[in-house]
Amino acid sequence: MIRVQQAPFDAGAEQRALLAGRSDIGAVVSFTGLVRDFNERPEVNALTLEHYPGMTEAALGEIVAEAESRWPLQGLRVIHRVGRMTPGDPIVLVVVASAHRRAAFEACDFIMDYLKTRAPFWKKEHSASGDYWVAERESDHRDAGRWES
Amino acid sequence: MTLTHLNPRGEAHMVDVADKAESRREATASGRIQMKPETLALLAEGGMPKGDVLATARIAGIQAAKRTHELIPLCHALPLSKVSVDFRLDEAASSVEVTATCRLNGRTGVEMEALTAVSVACLTLYDMCKAVDKDMEIGGIHLDAKSGGKSGDYRRDALASAPPPIVTGGSSAGEVSVGPRCDIAVPCVRVKCLAELRERLGISEISLPLDSLPSADVGGLKAALRQHDERFAGLSEGRVLCAVNQVMANETTPLTNDDEVAFFPPVTGG
């Protein structure tokens, strides 16, 4: 299940909902990304996330489908927030369930790496010294490149 | 204030550090290399003739830091405990920002090592990319911060060194509305500019008649947009991505009536 929303989410509640009534799942891995109070500059007060409605959902769908084709997964949830957030707020949640831990760990890692380099989201940070758009990171491309062979 | 590398007679000498107390020393330096937007795009895509540019420049920077004493006459040979070299691709400024950090427990500072790492990493970037761009310019090499030692901690004024922020006033709700349908009777394409690009160009959405395009593809659309408004020259500055009907596209992707074309900077979600 993929959701793009303005409202905050509860990672625990999302994981419980994914596992409810299931006894075939042997491993669940959950990743939550949070707003930090420092990034390219110190004193980040807030963050605004913009996206491209329509393409965002399609891009996330493709990433999830790719993960499902690479690993035997039994449940999956991806939530990405948009709009204005403050430090400590959750931004993104990826929960992956599988029969065994390796598939769950790897698929979660894969989804985040691809999400960061392929899904049309843009961050603008509001800091004490002004607003600026976050630049892409070479390390994110390197991380995503690990899955291509 | 005295120059420690000169003795009382004004001759160069190496400072005796044997009696200085060991402390944890760290220094960070940075610099940048300016290049054509096409060069930066090629670098980002890994399309350089000499191969993985950033990995090579990183190793060059680390090696250079370790050999600083061979290059700078009065520098001591230092057993560095850590050297890191990082790169940030700055599409807006069409440059690569290089940052190096050196650390050791010792008797003398490591700022020369960090500055050397940045300089040589920049030179290596030049060497790796010169086949496609000879106009590249290296500059702005400076110490960002140092800590440890008797002279105390130093931090370059963050505001003085940071590029001017992109100020946009109020922030949007974080969404782009889906553009209006083409309202002219002739076949046309709808264009959107997203995120930083929208603010840089000052244009959000526009429709163009399909027959105003010199060729019915993305490249033709860019030419027509530029004809329409000079601000669209910005579509060729920095790394600008394109999607046609919400699928990633390139210059040669064909366009037909009522297509939705979006231009945007590299993505930064997650």
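Further up the page is the structure itself.
A short tour of the structure in this document, coming up. (Residues numbered from 1 in each chain as written. Chains lettered and ligands numbered in written order. Predicted model: local features only at pLDDT ≥ 70, side-chain atom pairs only at ≥ 80, totals over all residues. Heavy atoms only, no water.)

1. Brief notes about the overall build of chain B
For the record, the criterion: For the purposes of this entry, the term helix denotes a DSSP run of H or I that reaches at least four residues, the term strand denotes a run of E that reaches at least two, and both are numbered from the N terminus. A 1.4 Å probe rolled over the protein chains alone gives each residue an accessible area, and that area as a share of the maximum for its type sets the label: buried under 20%, exposed over 50%, partly exposed in between. Any two residues whose heavy atoms approach within 4.5 Å are treated as being in contact. Computed with the Shrake-Rupley method and a 1.4 Å probe, the accessible areas treat only the protein chains shown as cover for residues.
Check the secondary structure of chain B and you find seven helices and 10 strands. For chain B, buried positions account for 46% of its 270 residues. The long-range fraction of contacts in chain B, counting pairs at least 24 apart against all pairs at least 6 apart in sequence, stands at 65%. Carbon and sulfur atoms form 54% of the exposed surface of chain B, whose accessible area is close to 13700 Å².

2. Section: the pattern of salt bridges
Residues and elements named next belong to chain B. Rules: Think of a salt bridge as a Lys or Arg side-chain nitrogen and an Asp or Glu carboxyl oxygen that are within 4 Å of each other.
Within this structure, the stated rule accounts for 31 salt bridges over all chains. With a closest N to O distance of 3.6 Å, D90 and R88 form a salt bridge. Ionic pairing is found between R231 and D229, a salt bridge with its closest N-O pair at 2.9 Å. Members of the salt-bridge network, linked through shared partners, are R32, R88, D90 and E97.

3. Thoughts on the pairing of strand β1 (residues 23–34) of chain B
Residue and element names in this part refer to chain B. Just so we agree on the cut-off: Here a strand pair is declared whenever DSSP counts at least two bridges between the two strands.
Bridge analysis of β1 against strand β3 (residues 95–106) gives 12 bridges, and the strand direction is antiparallel. By the bridge assignment, R32 is partnered in β3 with E97. Both β1 and strand β4 (residues 137–147) contribute to a ladder of eight bridges, which runs antiparallel. In the sheet register, E26 faces β4, and the bridge partner there is S147.

4. Focus on the side chain of B:T116
Inspection of the secondary structure puts B:T116 in helix α4 (residues 111–129). In this structure B:T116 touches B:A64, B:T68, B:L71 and B:I72, once residues within four positions along its chain are discounted.

Don't take any of this as a statement about function, it's just geometry.
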